[in-house]
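Structure assessment
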Amino acid sequence: MSFRAVGPAVIALISAIAVDVHAVIAQGAASEPAGGLAPIQALADSGQTTEARSELEAWLASAASRTAVEISWARLLRARLSADPESAEVDYVWVAIEGDAAHAPEALLRLAQLRLMRGEPNRALADLDQLRASFPANRRAEEAWLWIGHAHEALGELDAACGAWERASGENPVSGGAVREVMTVCADAGDVFAVQVGAFGAAAGAETIRRRLEEAGYPAYVVAGTDDDLHRVRTGRFAHVTSAARFADRVRGSGFEAVVVLAERT
């Protein structure tokens, strides 16, 4: 798929996490007719996307009757194999809302990842909250903490991100391994970034811009310099410079000047 980048670390993490649909099914259904979907699943998992897509299209076009479980599985597969993010989103939403309980958690997690990659962290958080509320015992709900952390970090909410990543490292072995790199900054061992909107000699000028940012929906704060008399207006705290750069683009789009800077730890 072609998405607006969220940063190499997040993209690599999404690619590295195996999609074990059969394990998900085992949690929600004692048995499921394989139909022709098991071989297609194997093709998709082995990276043979063209072949998997062709086989899936043939399966969907056949006249055989399908169970609700099979339809959910097929649409989840089609979303994974789709080259079009909008089409994938339609299928993920359908499985999450209309599909069976065995596949809905996977669909919600994938939907949140897709939206995060498209630069929609608030919508991703809503999907992840729904996943945890609706399927609290599912292993995908445990993995959700990792992505909740990424979504908060994309919003500049580093403290909330670190809290979610800490939950991820404790609740799920898969997430625990994946979260070690991002937890570095939470352990006061890595750089922290912020988006700076201006630096002013007068505190009143800084306060005016801070209020304008708040009114535009960006939680902002003023940092007084220790080696000069400047008052720096900033918004957000980020573990990754790529996240800060994307956030700076949003701030510029709202009519402000914005640059990424190293930030002091609080």
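Here's a quick rundown of the structure. (Residues numbered from 1 in each chain as written. Predicted model: local features only at pLDDT ≥ 70, side-chain atom pairs only at ≥ 80, totals over all residues. Heavy atoms only, no water.)

**Description of the overall build of the protein**
Along the protein, the regular secondary structure elements total 14 helices and four strands. Here the protein holds 266 residues, and 47% of them are scored as buried. Counting contacts in the protein only where the partners sit at least 6 residues apart, residues at least 24 apart contribute 62% of the total. Carbon and sulfur atoms form 54% of the exposed surface of the protein, whose accessible area is close to 12400 Å². (Helix = DSSP H or I, 4+ residues; strand = E, 2+ residues; numbered from the N terminus. Buried < 20%, exposed > 50% of the residue type's maximum accessible area, 1.4 Å probe, protein only. Contact = heavy atoms within 4.5 Å. Areas by Shrake-Rupley, 256 points an atom, 1.4 Å probe, with all protein chains shown as cover.)

**Section: the side chain of Asp-127**
On the secondary structure map, Asp-127 appears in helix H8 (residues 121–134). The residues contacting Asp-127, other than those within four sequence positions of it, are Leu-108, Leu-111, Ala-112 and Arg-115.

**Quick word on the state of the cysteines**
Think of a disulfide as a covalent bridge from one cysteine sulfur atom to another cysteine sulfur atom. Applying the stated criterion to the full structure yields one disulfide. The disulfide partner of Cys-162 is Cys-186, and the S-S distance across this bridge is 2.0 Å. Across the S-S bond of Cys-162 and Cys-186 the torsion is about -85 degrees, and the bridge reads as left-handed. A residue pair is termed long-range when its members are at least 10 positions apart, and Cys-162 in helix H10 (residues 158–171) and Cys-186 in helix H12 (residues 180–186) qualify at 24 residues. For Cys-162, a relative accessible area of 16% puts it in the buried group. Exposure remark for Cys-186: the relative accessible area of 23% places this residue in the partly exposed category. (Disulfide = S-S within 2.5 Å.)

**Digging into the pattern of salt bridges**
In this structure the tally under the stated criterion is 19 salt bridges. Asp-91 is the salt-bridge partner of Arg-75, the closest N and O atoms lying 2.7 Å from each other. Pair noted here: Arg-75 is in helix H5 (residues 68–81) and Asp-91 is in helix H6 (residues 85–98), with a separation of 16 residues, a long-range link. Owing to a relative accessible area of 5%, Asp-91 belongs among the buried residues under this scheme. In this structure, Arg-110 engages Glu-106 in a salt bridge whose closest nitrogen and oxygen atoms are separated by 3.6 Å. In this pair, Arg-110 and Glu-106 are both assigned in helix H7 (residues 104–117), four residues apart and thus about one turn of the helix distant. Among the residues examined, Glu-106 registers a relative accessible area of 3% and is labelled buried. Residues joined in a network through salt bridges with shared partners are Glu-86, Glu-89, Arg-115, Arg-118, Glu-120, Arg-123 and Asp-127. (Salt bridge = Lys/Arg side-chain N within 4 Å of Asp/Glu carboxyl O.)

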